[in-house]
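# Close look at the chain arrangement
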Amino acid sequence: MGFRIVKLPDIGEGVAEAEVSAWHVKVGDVVREDQPLADVMTDKATVEIPSPVSGTVAALGAEAGQMLAVGAELVRLEIEGGDAAPAAAPEAGVAVTPEVAKAQDAAAGQPTAALVPAADGLEPAQPAPAPQSAAVPKPSEPQRPVPAKPPAPRPAAATAPSSGPPRPAGERPVASPAVRRRALEAGIDLRQVRGTGPAGRIGHDDLDAYLDAPPEEAAPAPAGRAPRTGVEAIKVIGLRRRIAQRMADAKRRVAHFSYVEEVDVTAVEELRAALNQRHGASRPKLTLIPFLVQALVRALPDFPQMNAHYDDEAEVIHRHAGIHVGIATQTPSGLMVPVLRHAETRDVWNSAAEVRRLADAARNGLAARDELSGSTITITSLGALGGIVTTPVINRPEVAIIGVNKQVMRPVWRDNAFVPRLTMNLSASFDHRVVDGYDAALFVQALKGLIETPATLFMEA
C-alpha cells in the first residue's frame, strides 16, 4: 500500500489561496477516479476538485471553512501498490486539526499520541507513569471503610419562597452591603428577591435560595408557553463569508450616500403588460429590469463617472465605455451578482432573456467564473417583497448602484385634479469620493424622465 497526496491546484491567475467551502468525502471513504473530493472557493468562483486516482481517504488537509495555500495538501489517499510511507509533516499553509492528525497517524500505521496545548501550538502529551504498587494490607488488619461525612443541612430559610412579586417602584429592598454586592456581581435585581428577615430583610440565605431556584420558579412563564432554550452556532464559511467580507469592506472603504426619487411607472407598466400579452408565447417575459437597463444605456453616456471603477489604493478612476450591468440575485447560497455584459448592444427582449438565463445559472450554481465579475454598475431589486425605500450597498469597486422598490398606486395631483398613478421609489447609492451629490441627483432625474416616458427608450439618439 502507498499514499497519494492531492494538493490544492492553481485554479486561477493571481489566486494564492482558496477556502475549502465543502467536503464531499470523509476519512475512510473509498473514492473512484474523477469523483469529487471537495469544493474550494476563491474571490471569483467555486471550483470542484476531483480525485486523480482511486483509493481510500486517509486524511483531510483542512476543515470546511479553512483557507489553504495553492500547492498545500488537500487530501491524502491510500492507494494500491508501493510501500506505505510514514505520514509527512503538513506543508506550510495546511491547517491540521487534532482529528486530522489522528487520522493521518492511523492511516500510516503509527500509534496516535494525544495532543495537548503548548506555548507554540499542540504537542504530544507525555505518557503517564505507571501507577505505583499500593501496599497490600495484611489479612490480620483488614481495612474498614470510612463513612462519608454527611452534608450540612440547608438552613431553614432556604426553603422559604425565593422570589415574590416585584416591589413597588421606588421602594428600596432591605439588605446589608455585602448582600447588595453579591447581587450586583450576580446581576440580580434585589426587588425580585423575597426577604425572610425582619421587615423583609434580604439575607445571604435568601439570595442563595433565589440563585438555586429553577428559572420557571423565579419567573414563571405564562400557561401553555414553554420557554425556548438553546443557541445554534453556525460557522460562517463559503459564499456567506465572502459576502460578509465584501459588504464589510464596501462599508468601511466607500463613502456611501443615497438618493431616493419617486417615479411614475404607470406608462412603462402599461407598455410592459401590453408587450407581454402580445408576444408572451414567442418572446421572453418582460419585467421592469430590462426597461431600467435600457434607461441606463441611454443615460450613462451623459454621466460617464457613474459607469466606473475606483481603485482607491492607486487613486485612479477607470471609466468604462462598455456598460456591464450587475444584476443582484438571491440564491440558496446567498447573494450573487451575475453580469449582463455590453448592455448597450442589447434590446429590451435580449436583455430580458439574458437576465433570466444569468439568474437561473446563479441560483443553480452553474454560473461561469467570468459571468460573476466585471460589472461596472449594479441593479438590485427588493420591490417584490414590499419595501418602499432601500439604501443599497455599492458593489465595490463600482461607484453606483440602483435599487428598485415596491410599486404603489397613489393619488397624484395632475391638471387640477387627483388621478390614480402607479408610483415607485428609485433608490440609488453613490461613492461620494468620486461622485458629487449634484451629479448624482441629475443622473437619477435622467433615469426618472426616461422611465416615465418609455417611448424614449426605443428612440435612436
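Residues numbered from 1 in each chain as written. Predicted model: local features only at pLDDT ≥ 70, side-chain atom pairs only at ≥ 80, totals over all residues. Heavy atoms only, no water.

In the annotation of an unreviewed UniProt entry, the chain is listed under the name Dihydrolipoamide acetyltransferase component of pyruvate dehydrogenase complex and assigned to Methylobacterium indicum. Under the heading Catalytic activity (unreviewed entry), UniProt records this for the chain: "N(6)-[(R)-dihydrolipoyl]-L-lysyl-[protein] + succinyl-CoA = N(6)-[(R)-S(8)-succinyldihydrolipoyl]-L-lysyl-[protein] + CoA". The annotation that UniProt attaches to the chain under Function (unreviewed entry) is "E2 component of the 2-oxoglutarate dehydrogenase (OGDH) complex which catalyzes the second step in the conversion of 2-oxoglutarate to succinyl-CoA and CO(2)." (UniProt positions renumbered as here; feature names shortened; annotations may be inferred.)

### Observations concerning the packing of aromatic side chains
Counted under the stated rule, the structure contains five aromatic pairs. Measuring from ring centre to ring centre gives 5.5 Å for phenylalanine 303 and phenylalanine 443, while their planes differ by 65°; the resulting arrangement is edge-to-face. Residue phenylalanine 303 is located in the loop between helix H7 (288–299) and strand E12 (308–311), and its partner phenylalanine 443 is located in helix H9 (residues 437–452); the two are separated by 140 residues in the primary sequence. Overall, phenylalanine 303 belongs to the buried group, its relative accessible area being 12%. Judged by relative accessible area, which is 0%, phenylalanine 443 ranks as buried. In this structure an aromatic cluster arises from ring pairing among Phe257, Phe303, Phe430 and Phe443. Cation over ring: arginine 283 sits above tryptophan 349, and NZ or CZ is 4.8 Å from the ring centre. (Phe/Tyr/Trp six-rings, centres within 6.5 Å; stacked < 30°, edge-to-face > 60°. Helix = DSSP H or I, 4+ residues; strand = E, 2+ residues; numbered from the N terminus. Buried < 20%, exposed > 50% of the residue type's maximum accessible area, 1.4 Å probe, protein only. Lys NZ or Arg CZ within 6 Å of the ring centre and 35° of its normal.)

### A short note on the pairing of strand E20 (residues 417–431)
The element E20 is extensively covered by neighbouring structure, given that 11 of its 15 residues are classed as buried. Here strand E11 (residues 256–264) pairs with E20 via nine bridges, running antiparallel. Bridging across to E20, serine 258 finds its partner in serine 429. Hairpin geometry of strand E19 (residues 400–414) and E20 is characterised by an intervening segment of two residues between the two adjacent antiparallel strands and by a positive phi of about 50° at aspartate 415. (Pairing = 2+ DSSP bridges.)

### Looking at the sheet that holds strand E18 (residues 377–381)
Overall, mixed pairing links the six strands, which are arranged E11-E20-E19-E18-E14-E17 in an open sheet. Strands with a single pairing partner mark the edges of an open sheet, and in this sheet they are E11 and strand E17 (339–340). The sheet contact formed by strand E14 (residues 325–327) and E18 spans three bridges and is parallel. Residue pairing for E18: valine 325 is matched across the bridge by isoleucine 377.

### Notes on the environment of arginine 240
If you trace the backbone, arginine 240 turns up in helix H5 (residues 238–253). For the pair arginine 240 and serine 21, spaced 219 residues apart in sequence, the C-alpha separation works out to 10.0 Å. For arginine 240, the contacting residues outside a window of four places in its chain are Ser333 and Gly334. (Contact = heavy atoms within 4.5 Å.)

### As for the sheet that holds strand E4 (residues 36–41)
Within the open sheet, the four strands sit side by side as E5-E4-E2-E7. Their pairing is antiparallel. Bordering the open sheet on either side are strand E5 (46–50) and strand E7 (67–69), each of which pairs with just one other strand. Sheet twist, expressed as the mean angle between neighbouring strand axes with direction ignored, is 40°. Relative to E5, E4 is paired through five bridges, and the arrangement is antiparallel. By the bridge assignment for E5, alanine 38 is matched with isoleucine 49. Taken strand by strand, H5 contacts strand E2 (17–23), E4 and E7, and its axis lies near 140° from that of E2. (Axes fitted to C-alpha atoms, helices over the stretch in contact; angles between N-to-C directions.)

### Brief notes about the confidence of the model for the chain
Averaged over every residue, the pLDDT of the chain is 81; the share at 70 or more is 77%. Throughout residues 83–142 the model reports pLDDT below 50, and contacts reaching past four residues in sequence, or to other chains, amount to 68 contacts. Long-range and interchain partners of residues 154–162, a stretch whose pLDDT sits below 50, account for 17 contacts in this model, where long-range means more than four residues apart. (pLDDT = per-residue confidence, 0-100.)

### Points about the side chain of arginine 241
Mapping arginine 241 onto the fold places it in helix H5. Relative accessible area serves as the criterion here: at 19%, arginine 241 is assigned to the buried category. Within the structure, arginine 241 has its side chain in polar contact with the side chain of glutamate 19 (distance 3.2 Å). Every residue in contact with arginine 241, bar those within four places of it in the chain, is listed here: Glu19, Gly65, Gln66, Met67 and Val236. (Polar contact = N/O pair within 3.5 Å; in protein donor to acceptor, adjacent residues only side chain to side chain.)

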